[in-house]
Each structure stands twice: as structure tokens, then as C-alpha cells.
Amino acid sequence: MQKEEIAQLLYSRKPYRIISNFISELPVVELTPEVLQWHRNQEESHPYREILVVLTGSVTQQLNNNFYHVLPNCILFIDSSEHHTLEYSQVSSGVNCWLVLRSGELFWKFVECENGSYSYLRRGILPQKTLFSALEECWNSFSKEMTELDKSALLSELQGFLSLILTNIGRQLTEPQSSLRQANETIARAAIQQVVAHVQNFCDCTVTDMARLAGYSPVHFARLFHHFTGMRPKEYINLIRKKKYAEMQGAVPVKQLAEILGFGSSAALAHWVKQNHLN
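This section reports on the structure supplied with the text. Numbering of residues starts from 1 in every chain and runs along the sequence as written. Local features in a predicted model are, by the rule used here, given only for residues with pLDDT of at least 70; side-chain atom pairs are given and counted only at 80 or more, and totals for whole chains, interfaces and linings are based on all residues. Side-chain metrics in this entry use all non-hydrogen atoms of the structure; hydrogen atoms and water are not considered.

Moving on, we get to helix α9 (residues 254-261). Owing to its 3.6 residues per turn, the α-helix brings residues three or four apart onto one side. Turning to α9, its buried residues number three or more, namely Leu-257, Ala-258 and Leu-261. An end-on view of α9 places all buried positions within 105° of arc, on one side of the element. In α9, the exposed positions that point more than 90 degrees away from the buried face belong to Lys-255 and Glu-259. Contact between two residues is taken to exist if any of their heavy atoms lie within 4.5 Å; hydrogens are not considered. A run of H or I in DSSP counts as a helix once it spans at least four residues, and a run of E counts as a strand once it spans at least two, with each numbered from the N terminus. Residues of α9 that are buried in the fold lie against α8 (233-248) and α10 (266-275). We call a residue buried when its accessible area falls under 20% of the maximum for its residue type, exposed when it is over 50%, and partly exposed in between, using a 1.4 Å probe and counting protein chains only. What the arc covers is the set of directions going from the helix axis to the C-beta atoms.

Positive phi values are uncommon outside glycine, yet Ser-81 reaches one of about 70°. Phi at Asn-115 is positive, roughly 55°, even though this residue is not glycine. Residue placement: Asn-115 occurs in the loop between β9 (105-114) and β10 (117-125).

This next bit is on the pattern of salt bridges. We define a salt bridge as a contact between a side-chain nitrogen of Lys or Arg and a carboxyl oxygen of Asp or Glu at a distance within 4 Å. Under the defined criterion, the tally for this structure stands at 6 salt bridges. Taking the shortest distance from any N to any O, the salt bridge between Arg-40 and Glu-43 comes out at 3.3 Å. Taking relative accessible area as the criterion, Glu-43 reaches 31% and is therefore assigned partly exposed. For Arg-232, the salt bridge is made with Glu-235, and the minimal N-O distance between the two is 3.5 Å. Linked by salt bridges that have partners in common, Arg-49, Asp-79 and Glu-136 make up one network.

Quick look at the packing of α8 against α10 now. The interhelical angle for the contact between α8 and α10, taken along N-to-C directions, is 100°, at an axis separation of 12 Å. As far as their axial angle goes, α10 and α8 are roughly perpendicular. Contact with α8, carried on its side by Asn-238, Arg-241, Lys-242 and Tyr-245, involves Leu-269, Trp-272 and Val-273 of α10 and no other residues of that element. Comment: axis = line fitted to C-alpha atoms, over the contacting stretch for helices; angle = value between 0 and 180 degrees taken between N-to-C directions. An angle below 35 degrees is treated as roughly parallel, one above 145 as roughly antiparallel, one from 65 to 115 as roughly perpendicular, and anything else as oblique.

Quick look at the environment of Trp-108 now. In this structure, Trp-108 sits in strand β9. When the C-alpha atoms of Trp-108 and Leu-126 are compared, they prove to be 7.3 Å apart, with 18 residues separating the residues in sequence. Excluding residues that lie within four positions of it along the chain, Trp-108 makes contacts with Cys-97, Trp-98, Leu-99, Arg-122, Arg-123, Gly-124, Ile-125, Leu-126, Ile-169, Gln-172 and Leu-173. Side-chain atoms alone can form a polar contact between residues adjacent in sequence; in general such a contact is a pair of N or O atoms within 3.5 Å, and within protein one must be able to donate a hydrogen while the other accepts it. Engagement of the side chain of Trp-108 in a polar contact is seen with the side chain of Gln-172, the distance being 3.1 Å.

What follows deals with the packing of aromatic side chains. Stacked, edge-to-face and tilted are the three classes for Phe, Tyr and Trp ring pairs, Trp counted by its six-membered ring, which pair at centre distances within 6.5 Å; planes under 30 degrees apart are stacked, over 60 edge-to-face, the rest tilted. Tallying each qualifying case throughout the model produces 10 aromatic pairs. Ring geometry for Phe-22 and Phe-142: centres 4.0 Å apart, planes at 15°, overall stacked. In this pair, Phe-22 is assigned in the loop between β1 (17-19) and α2 (33-41) and Phe-142 in the loop between α3 (129-141) and α4 (148-173), connecting sequence segments 120 residues apart. For Phe-22, a relative accessible area of 12% gives the class buried. Ring-pair connections join several aromatic residues into one group, and the members of that group are Phe-22, Phe-77, Trp-139 and Phe-142. To sit over a ring, a charge needs its Lys NZ or Arg CZ within 6 Å of the ring centre and within 35 degrees of the ring normal. Directly above the aromatic system of Phe-263 lies the positively charged group of Arg-241, at a separation of 4.5 Å from the ring centroid.

Next up, the structure:
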């Protein structure tokens, strides 16, 4: 899909229907036990916020213990530490936009999925920080104790901020290629920096997790990571594990330490310790 086509999808939006922990304008759906187990196996949470904007097709997504078929013109708000589905299920298809709010930056990426597989189309950073700061402030204002009138007013504000953000992303997409090329290095560097910070806090992630967080294919991500850090992703994960092991050895039970470092058992941790000559 060409960048002009994506921009047109952003410009031709109708009012959005919102799915979140404070309001849901779509019904919860029931899944078969087999599909439910697949989603449970793909469940994740993280300390930053994400927003899923479905542009075409539909995506089956989890928000905590509820499941939704997210349709075009629908937006799923995922707050920090809320559970959602990491991958795309076999019934998900179409083009969608992920907005990732991390460390004072708003990253955007467009993904096209079909039958469980997906590819990244475009990615970038929104330079207008005042826009997503206003979005976050509005998001923070929602409360279950609000009156319906106050909630309606905030929803209107949320709709307006999102429309402005998506319009600005559309304008970025249609900028001259020279401007986009100049921005690519900044975007890639910022993405890798965010992944590095994430691994320092959560060293149980995989290279696939890191690539998805950055918004690149695993192969492209590995090249970028080496370019900016001088290390391969697995080498960096191992380095952080060694640091955490040195800090926490003897301070927490072995089983808990194995979980923190991303090992499935105490035996796996012991094997890793032996391999790395840490005894």
C-alpha cells in the first residue's frame, strides 16, 4: 500500500468508536476455547500506553479479560500494564495504525496483517508534542465516577485530539522523500534507544519482542540494533542478564531470579550461569 493511500485513509475518517477500560462502544465477544487459549498464550502488558486504530479489515484484540472484534473507525486504548494480545490472530486482516506513547514521545507505525502474518508499512515520530500531551491529559481525566455529561465532553475532546494527531501523521506521510529520509535515522535511533531502555527493565523479552517494540522486522531490527549499539540483540540481553544476576544473586529466591531473568526454570538459570562462568 502506497503512503498516499494510507494518508487518504486517515483523512477520510468518520467519528471513531472507542474501546477502553473507561468506556466501550463495541460489544464484548465470546471466543472458542481454542482461540481463547491462543490469545492467552499471546498475552502481554508493558509500562507504556498504546492505541490501536483500525483503518481497514478487523482485528480481534484482548483488553484485560474482554475480547473485541475491532472494526474500521474503531480505536482501542491500552493503558500501561493492561493486558492485550501481542500477535495477530488468523481471523485478523487489513491495515491498522499503532500509536505508542513512550518516554514523552509518540511513535506511530502502520501494519498490514492477513491470516496471522503481518508486515510494517511505514513508521515515524510525531513532532507536535503538544498534541499528544493534550491527548494524555484528556486520557488521564477519565474516571468511573464521572457524570455522563462530563464523560461525553471528554470523549469529544479525545476524538478531536486523535483526529488532529492522525491528520498530522498523514501530512508526514506525504512529505517529500528527502524529508522522510532525513527523519529515518532519527526515528530508528529513537526506536533502538527505547528498546534498550525496555530491556534494562525487562530482560526476559526475546529478540522478536524487541523487534516488535521497535516496529521493524526481526532481520531489519537486528541490523539497526548492531548499527547503533555495536552489539547483537541477544548479546545485549545477555549483558543485562549478567548485570542483574550480579546485583540480585542471593537477594531473592533462585526461582524468582530465574523468572526475572527470563528463564523458564531454576535449572535453565543454572545452565546459563555455568555457560557464562558466573559461579
